[in-house]
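Here is how the chains run, residue by residue.
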Amino acid sequence: MLIIIDYMKLYNIINKKSIIAYLNLSIIIIIFQGWVYASQLHVKINDPIYVYMDRLSTQGVLPSYMNATLPVTRDYIAEMLNVLDKNRGNLSVVDQKILDEFLADYTYELIDTSYFQLEDGENTYHPFKSWKTVNRGFKDLVGYTPNQEEHHLAVYQNKDDLIWLDIGGMARYEKREVNSRLPYSYHFSLSVLLGNYFSIFSDADLYSMVYNSKFSEYPDEFKGGYPLYHEGFYGYDTEISFEYAHAYIQHSSNIGNIALKVEPLLWGNGKIPIILSDNVPPFAMLSWDKKLGNSKFSFFHGSILPAESDTMINGLITNESKYLVGHRWEITATDKLQVAFTEMLVYGGRDPELVYFLPTIFLWPVQHNMTSQSGDNILWFFEGQYAPINRLKLYGTFMIDELRTSEMFNDWFGNRWTAQIGSHAAGNIFSYPTDLRIEWTAARPWAYTHRVPLYGTYTHNGRCLGFEHGPNSQFLILENRWWINTRNRLSISFEQLKWGRESKEDMADNFDFGNDTNHNYSLANPEYNNNTGWLIGDIQTTQTVQFLWEYQLSNIIGLELEFAHMKEMDESVNTMSLQVNVDY
């Protein structure tokens, strides 16, 4: 049925000061005028299928795969799996078996059939329905069945709707020299498809760690926020706890995916992206993305937080307004070449600007017209990857925060740039799939900073949204991974981090140094204005060699064994860990 809408009357109803009301109305208009389109659940950014497809893309088996804007949808992954299935003759025996495992996991998208645990005529499943399902659930917990669809604790499925409920967690024992600690977590997720339009998702991760004072660094899972501290147990002095929740409600139609969401994003073609990395707590955003032929356009407007140190009043943390806007166009120019342009903007200290909600508007001119009255900060990212031959991919990303052509090749402190280059080789040795990645990233002093730190730094809750090591740093990684079979993966890596620490002489000058994303570049020491190279200060170097073995013990339980040797200046430290993952 054709719906005719008088846009002018609707516009007159809107309170012009209410951005949220305007956006809600716009979404309603779009929903009712969209054509029916398949609902699409997102694939988490840490899903192993990304690594698998990235490797096969480098091998030349999957040239159309776009991997630099994550997460993508399950429908897109299913499309890529279909391409691989048609070309399975070009895959090694091990990769064919891994492909069969993923094809089973995406049965819902690929085959019009019910969940494998559902009996004929049933539309609900959980392992406690009968003694038969309890027995089967226990066998799945401790046993491994090849090519079996991903398990869920509870399922509801009919012709138009789907619900998946999952629970899980992890426990890890870490030991560094003679000291140990125990991080662990609980997890739940709820995935819902409603008809042909809506995808709904919610999950939460509740983390804790018990430790003693000599091994008190945050665990890898900590992305910022406000942890709580309690009395420890199991012989440990202290317990730290922190939590993260994610969710989205998405409408899909022929004009793309529109979502209100809180979920981590990865933008960039590097292993450690410099555009958006998983280095911050989750934040809410309104987003739109659309695939156009061999390209994809993505946009979001999100609400983020200033650094805690900027918003403390009498010991209380206040919520100053700060926002992040981003749009990105990723293009597959040929089977061998992909390019992308990303424009990011940070602003705050006022109500959301309606103009920044326009997905396709060029932000730079708009920001220039507002700079005199605000602290808006704009960053550009240029990105490309090229495969000169099958099995080899070269890639890079360059960030420009300030551009003065007369100073481009000088040591001007205003060259607030970040550069990343890398190569990825993939193939088979003795029939075992393997890959090798070499990646180098350099962030100049003052990169990601701003003259109004409260509202303009490229941070959320004080943590860098881009390169996780921040400004005045250089990072090199060499990583070699092996796929032994469908259940065993190995990797060995070497990492070197160089970071410029402010010298004792400079600490007394009351100037910011530019090695912290929250610094104010208008407070830079004038002596460094034309004497700022890619690294300044006392250079601290940390080198790490790491070995990781991953083993799928059963369809629900996985194991990870890791050993790392770290050398920092004149000190060396050995760390080992054993982790158990449960995903039901």
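Reading guide: rules and limits
- Residues numbered from 1 in each chain as written.
- Predicted model: local features only at pLDDT ≥ 70, side-chain atom pairs only at ≥ 80, totals over all residues.
- Heavy atoms only, no water.
- 1 Å grid on protein atoms, 1.4 Å probe; cavity = no way out; pocket = protein on both sides within 12 Å on 5 of 7 lines; lining within 4 Å.
- Points joined across faces, edges and corners; volume = space filled by probe spheres on them.
- Helix = DSSP H or I, 4+ residues; strand = E, 2+ residues; numbered from the N terminus.
- Nonpolar A, V, L, I, M, F, W, Y, C, P; charged D, E, K, R; others polar.
- pLDDT = per-residue confidence, 0-100.
- Contact = heavy atoms within 4.5 Å.
- Salt bridge = Lys/Arg side-chain N within 4 Å of Asp/Glu carboxyl O.
- Buried < 20%, exposed > 50% of the residue type's maximum accessible area, 1.4 Å probe, protein only.
- Core = buried A, V, L, I, M, F, W, Y, C linked by side-chain atoms within 4.5 Å.
- Polar contact = N/O pair within 3.5 Å; in protein donor to acceptor, adjacent residues only side chain to side chain.

Peer 1: Let's hear about the layout of surface pockets: which residues, and what values?
Peer 2: In this model, the second largest pocket occupies a volume close to 560 Å³. What lines the second largest pocket is a set of 30 residues, among which Gln40, Thr73, Asn257, Asp289 and Lys296 lie closest to the centre. If you list the elements that add at least two residues to the lining of the second largest pocket, you get strand E1 (69-70), helix H4 (74-86), strand E8 (238-253), strand E9 (256-262), strand E11 (284-292) and strand E12 (295-304). The residue makeup of the lining of the second largest pocket, split by class, is 11 nonpolar, 10 polar and 9 charged.

Peer 1: Explain the confidence of the model for the chain to me, and be specific about the residues and the numbers.
Peer 2: Mean pLDDT over the chain works out to 90, with 91% of the residues at or above the 70 mark. Here residues 1-18 is a poorly scored stretch, pLDDT under 50, and it has 13 contacts once near neighbours within four places are set aside; other chains count.

Peer 1: Hey, could you go over the pattern of salt bridges for me, with residue numbers and the actual values?
Peer 2: Applying the stated criterion to the full structure yields 24 salt bridges. Ionic pairing is found between Asp85 and Arg88, a salt bridge with its closest N-O pair at 2.9 Å. Assessed through its relative accessible area of 31%, Asp85 is described here as partly exposed. With a closest N to O distance of 3.1 Å, Arg489 and Glu550 form a salt bridge.

Peer 1: Could you give an account of the nonpolar core, with specific residues and numbers?
Peer 2: Counting 27 residues, the largest nonpolar core has Ile49, Tyr52, Met53, Ile77, Leu81 and Leu84 as the members making the most contacts within it. Apart from residues lying up to four places away in sequence, Leu84 is in contact with Tyr52, Met53, Leu56, Val61, Leu62, Leu91 and Leu99.

Peer 1: How would you explain empty space enclosed by the protein if you had to name every residue and give the values?
Peer 2: Tallied over the full model, the rule gives 2 cavities of 30 Å³ or more. Volume-wise, the largest cavity comes out at about 50 Å³. Lining the largest cavity are Ala68, Asn269, Arg328, Glu330, Gln338, Val339, Ala340, Glu383, Gly384 and Gln385. Listing elements by their share of the lining of the largest cavity, those giving two or more residues are strand E15 (322-332), strand E16 (337-348) and strand E17 (377-389). Here the lining of the largest cavity is built from residues that sort into 3 nonpolar, 4 polar and 3 charged. In this structure, the second largest cavity occupies an estimated 30 Å³ of space. Lining the second largest cavity are Trp446, Asp512, Phe513, Ala524, Asn525, Tyr528 and Ile536. Partitioning the lining of the second largest cavity into residue classes produces 5 nonpolar, 1 polar and 1 charged.

Peer 1: How would you explain the side chain of His327 if you had to name every residue and give the values?
Peer 2: Relative to the helices and strands, His327 resides in strand E15. Within polar-contact distance, the side chain of His327 engages the side chain of Glu343 at 2.7 Å. Within polar-contact distance, the side chain of His327 engages the backbone oxygen of Pro359 at 2.8 Å.

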